[in-house]
Amino acid sequence: MNLTTTALDPKSAAAITLEEAHAAHNYHPLPVVIVSGEGAWVTDVTGRRYLDCLAAYSAVNFGHGHPVLIEAAKAQLGRVTLTSRAFHNDKLGPFVAALAALSGKDMVLPMNTGAEAVESGIKVARAWGYRVKGVPQNKATIIVADGNFHGRTTTIISFSSDPDARADFGPYTPGFVSVPYGDAAALEAAIDETTVAVLLEPIQGEAGILIPSADYLPAVREITTRHNVLFIADEIQSGLGRTGATFQCDNVGVVPDLYLLGKALGGGIVPVSAVVGNADILGVLKPGEHGSTFGGNPLAAAVGLAVVELLATGEYQDRARMLGERLEAHLRRLIGHGVIAVRAAGLWAGIDIDPSLATGRQVCELLMERGVLAKDTHGSTIRLAPPIVVAPEDLDWAVDQLEAVLEELRG
Ligand SMILES: *Cc1c(COP(=O)(O)O)cnc(C)c1O
């Protein structure tokens with residue numbers, strides 16, 4: 001089977017050539033050049049439409065150009081967009097109040113990107129460890145899980161187990177201990193008097209939508225509480241509707257000490273991230289100890305508030321749960337027909353393709369030719385995470401395209 005993609009049209013080729021000449025090669029995008037998007041669909045430079053089944057890694061949970069979010073952004077663009085935290089702005093208060101209420105916590109630290117939320121959570125946990133728990137200075141450790149993905153900064157990649165993310169970027173930040181994901185006993189065994197926090201993704205997204213058994217996070221909660229260790233849930237990709245709940249932690253009845261949020265919090269419009277927790281923890285930060293020029297800016301806060309208001313209706317969580325059940329049922333029918341395993345949580349699915357048929361990348365290229373944009377992750381796994389606004393029949397159609405691709409590959 002010849003897997004080379006069809007020759008590129010001149011417009012796409014020109015755009016890709018220019019990008020490849022001058023943008024650093026830290027990505028390997030599919031050869032599609034998007035010019036516009038609406039809902040779950042995007043249009044390329046030739047006018048061809050594709051169903052977006054990645055949704056910018058869940059940053060576009062509410063779809064491209066959601067009218068309510070665009071309206072909130074436009075209204076704020078006409079007023080004021082950036083003030084810095086040296087002054088107050090009228091949007092930050094309503095945003096943090098609404099986000100705290102949605103999260104069942106009382107305090108929010110606004111930042112921009114997900115990695116900054118993770119870095120901020122680490123700093124808060126360390127300061128809490130020294131000032132509240134009484135850990136000796138510079139001894140704090142944080143327990144993480146093998147296979148994690150928490151972002152790309154030097155500290156974060158220091159506790160990554162992915163050689164591509166780490167190699168040649170050392171020296172690494174000390175103070176992290178990694179244990180097998182899903183193994184509560186291993187996690188408890190790694191705790192000692194220097195442990196200030198456990199940092200976990202409730203579902204490991206980049207690792208292939210790895211869903212731990214339902215008793216894992218409750219066990220982590222019980223263990224961390226018993227040892228006076230903070231439980232930090234990185235819900236940057238799993239949170240804000242994707243898994244059929246506001247947080248994946250809700251699905252397993254767990255309340256962490258800190259939520260790390262990002263991606264969908266910016267409505268696919270601007271980067272907005274946050275650490276959300278109670279004042280007994282987030283309150284350790286004093287003026288001057290942490291900050292961000294753009295964090296909490298009025299444009300971000302206006303969009304973030306509109307996102308929180310969409311989520312406060314519960315409508316998107318319900319829709320993700322319903323559509324997710326439909327997606328999973330449809331995908332399960334492909335098991336044994338080119339698919340080895342399916343893991344799904346809400347509208348988020350990891351699909352292991354039979355590696356003897358094709359790589360995940362090759363499947364994504366063939367899906368693209370059929371009008372479906374998806375992304376592979378490690379080896380032969382592809383993930384589907386369309387915007388939650390996707391129409392049910394479009395979702396069915398996307399799985400039909402995957403079925404057709406697999407049929408083609410099986411010959
Ligand atoms: C994407 C992601 C991050 C990093 O977010 P950026 O905005 O890319 O810095 C951190 N944690 C998880 C779980 C993510 O999916």
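None of these values were measured; they are calculated from a predicted model.

Enquirer: Where do I start with the overall build of the protein chain in this structure?
Expert: A tally of regular secondary structure across the protein chain gives 15 helices and 15 strands. The globule rule puts the C-alpha radius of gyration for 411 residues at 22 Å, and the 21 Å found for the protein chain is close to it. Taking the principal axes of its C-alpha atoms as reference, the protein chain extends roughly 65 × 55 × 45 Å. With 411 residues in all, the protein chain has 54% of them scored as buried. At a minimum sequence separation of 6, the contacts of the protein chain that also span at least 24 residues come to 73%.

Enquirer: Would you mind showing me how to read the site of the ligand here?
Expert: Lining the immediate environment of the ligand, one finds Thr113, Gly114, Ala115, Phe149, His150, Gly151, Glu201, Asp234, Ile236, Gln237 and Lys263. Side-chain polar atom of Asp234 to a nitrogen atom of the ligand: 2.7 Å apart, as the coordinates give it. Taken by itself the ligand offers 380 Å² of open surface, and the protein chains cover 81% of this. Of the residues in the shell around the ligand, the class split is three nonpolar, five polar and three charged.

Enquirer: Please explain the pairing of strand 12 (residues 349-353) as it appears in this structure.
Expert: On a regular strand, each side chain points to the face opposite its neighbour's, so the side chains alternate between the two faces of the sheet. Among the five residues of strand 12, five are classified as buried, and the element is accordingly described as predominantly covered. The alternating pattern of strand 12 places Ala349, Ile351 and Ile353 on one face and Gly350 and Asp352 on the opposite face, and all of these are buried. When strand 11 (residues 339-344) meets strand 12, the two strands line up antiparallel, connected through five bridges. Paired with Ala344 across the bridge in strand 12 is Ala349.

Enquirer: I would appreciate a short explanation of the environment of Ala219 in the present structure.
Expert: With respect to the helices, strands and loops of the structure, Ala219 is situated in helix 9 (residues 216-226). Along the backbone, Ala219 and Asp183 are 36 residues apart, and their C-alpha atoms lie at a distance of 9.4 Å.

Enquirer: Help me understand unusual backbone geometry in this model?
Expert: Working note: non-glycine residues mostly have negative phi, and peptide bonds are mostly trans. In this structure, the amide linkage connecting Gly170 to the following residue, Pro171, adopts the cis form with an omega of 5 degrees. Considering the arrangement of structural elements, one finds Pro171 in the loop between helix 7 (163-166) and strand 6 (176-179). Located in the positive-phi region is Ser84, a residue other than glycine, with phi close to 70 degrees. Of note, Ser84 is situated in the loop between helix 3 (67-77) and helix 4 (92-103).

Enquirer: Explain the domain arrangement of the protein chain to me, please; I cannot follow it from the model alone.
Expert: By a widely used convention, the size of an interface equals the accessible area lost when the partners come together. By the assigned domains, the protein chain splits into domain 1 (5-65 + 317-410) and domain 2 (67-312). Spacing between the C-alpha centres of domain 1 and domain 2 amounts to 27 Å. Taken together, the contact between domain 1 and domain 2 spans 28 residues of the former and 29 residues of the latter. Of the roughly 2,300 Å² buried at the junction of domain 1 and domain 2 (both faces included), carbon and sulfur atoms supply 58%. Taken as a group, Phe62, Gln317 and Trp348 account for 36% of the area that domain 1 buries against domain 2, more than any other trio of residues on that side. Summed over the shared surface of domain 1 and domain 2, the result is one salt bridge. Residue Glu206 pairs with Arg383 through a salt bridge whose shortest N-O separation is 2.8 Å. Between domain 1 and domain 2 we count 15 residue pairs in polar contact (both at pLDDT 80 or more) in total. Looking at the side of domain 1 that touches domain 2 element by element, the count peaks at four residues for helix 2 (residues 55-58). Residue composition of the side of domain 1 that touches domain 2, grouped by class: 16 nonpolar, nine polar and three charged.

Enquirer: Sorry, what's going on with the packing of helix 4 against helix 12 (residues 298-312) here?
Expert: The angle between the axes and the distance between the axes are what describe a pair of packed helices. Orientation of helix 4 relative to helix 12, taken along the N-to-C sense of each, is 30 degrees, at an axis distance of 9 Å. Judged by the angle between their axes, helix 4 and helix 12 are roughly parallel. Crossing of helix 4 over helix 12 shows left-handed handedness. Along its contact with helix 4, which presents Leu92, Pro94, Phe95, Ala98, Leu99 and Leu102, the element helix 12 presents Ala301, Gly304, Leu305, Val308, Leu311 and Ala312. When grouped by side-chain class, the residues that make up the contact of helix 4 with helix 12 number 11 nonpolar, one polar and no charged.

Enquirer: Hey, could you run me through the sheet that holds strand 2 (residues 41-44) in this one?
Expert: Sheet strands line up and pair through hydrogen bonds in the backbone, either parallel or antiparallel. The mixed open sheet is built from four strands, whose spatial order is 1-2-3-13. The sheet is open, and its two edges are formed by strand 1 (34-38) and strand 13 (372-373), each paired on a single side. In terms of strand pairing, strand 2 meets strand 3 (residues 49-52) through three bridges, oriented antiparallel. By the bridge assignment for strand 3, Thr43 is matched with Arg49.

Enquirer: Would you mind going over the packing of aromatic side chains with me for this structure?
Expert: Given two aromatic rings, their pairing is described by the distance between the two centres and the angle made by the two planes. Within this structure, the stated rule accounts for five aromatic pairs. Taking 3.9 Å as the distance between ring centres and 15 degrees as the angle between the ring planes, the aromatic pair formed by Phe247 and Tyr259 counts as stacked. Of this pair, Phe247 sits in the loop between strand 8 (230-234) and helix 10 (248-251) while Tyr259 sits in strand 9 (residues 258-261), placing them 12 residues apart in sequence. The ring of Trp41 has Arg49 sitting right over it, with the charged end atom 4.7 Å from the ring centre. The aromatic ring of Tyr172 is capped on one face by Arg166, whose charged end is 3.9 Å from the ring centroid.

Enquirer: Whenever I open this one, helix 14 (residues 360-369) confuses me. Can you help?
Expert: Side chains three or four residues apart in an α-helix point the same way, a direct result of the helix having 3.6 residues per turn. Burial within helix 14 is extensive, with eight of its 10 residues counted as buried. Within the span of helix 14, buried status applies to Gly360, Arg361, Val363, Cys364, Glu365, Leu366, Leu367 and Met368. Residues of helix 14 that are buried make contact with strand 3, strand 12, strand 13, strand 14 (375-377), strand 15 (381-384) and helix 15 (392-410). After helix 14 finishes, the residue Gly371 shows a positive phi value of roughly 90 degrees.

Rules of the game
Residues numbered from 1 in each chain as written. Predicted model: local features only at pLDDT ≥ 70, side-chain atom pairs only at ≥ 80, totals over all residues. Heavy atoms only, no water. Helix = DSSP H or I, 4+ residues; strand = E, 2+ residues; numbered from the N terminus. Rg over C-alpha atoms; globule rule 2.2 N^0.38 Å. Buried < 20%, exposed > 50% of the residue type's maximum accessible area, 1.4 Å probe, protein only. Contact = heavy atoms within 4.5 Å. Near = heavy atom within 4 Å. Polar contact = N/O pair within 3.5 Å; in protein donor to acceptor, adjacent residues only side chain to side chain. Areas by Shrake-Rupley, 256 points an atom, 1.4 Å probe, with all protein chains shown as cover. Nonpolar A, V, L, I, M, F, W, Y, C, P; charged D, E, K, R; others polar. Pairing = 2+ DSSP bridges. Domains from an automatic or database assignment. Buried area = accessible area lost by both parts, 1.4 Å probe. Salt bridge = Lys/Arg side-chain N within 4 Å of Asp/Glu carboxyl O. Axes fitted to C-alpha atoms, helices over the stretch in contact; angles between N-to-C directions. Parallel < 35°, antiparallel > 145°, perpendicular 65-115°, else oblique. Left-handed = near helix turned anticlockwise from the far one by under 90°. Phe/Tyr/Trp six-rings, centres within 6.5 Å; stacked < 30°, edge-to-face > 60°. Lys NZ or Arg CZ within 6 Å of the ring centre and 35° of its normal.

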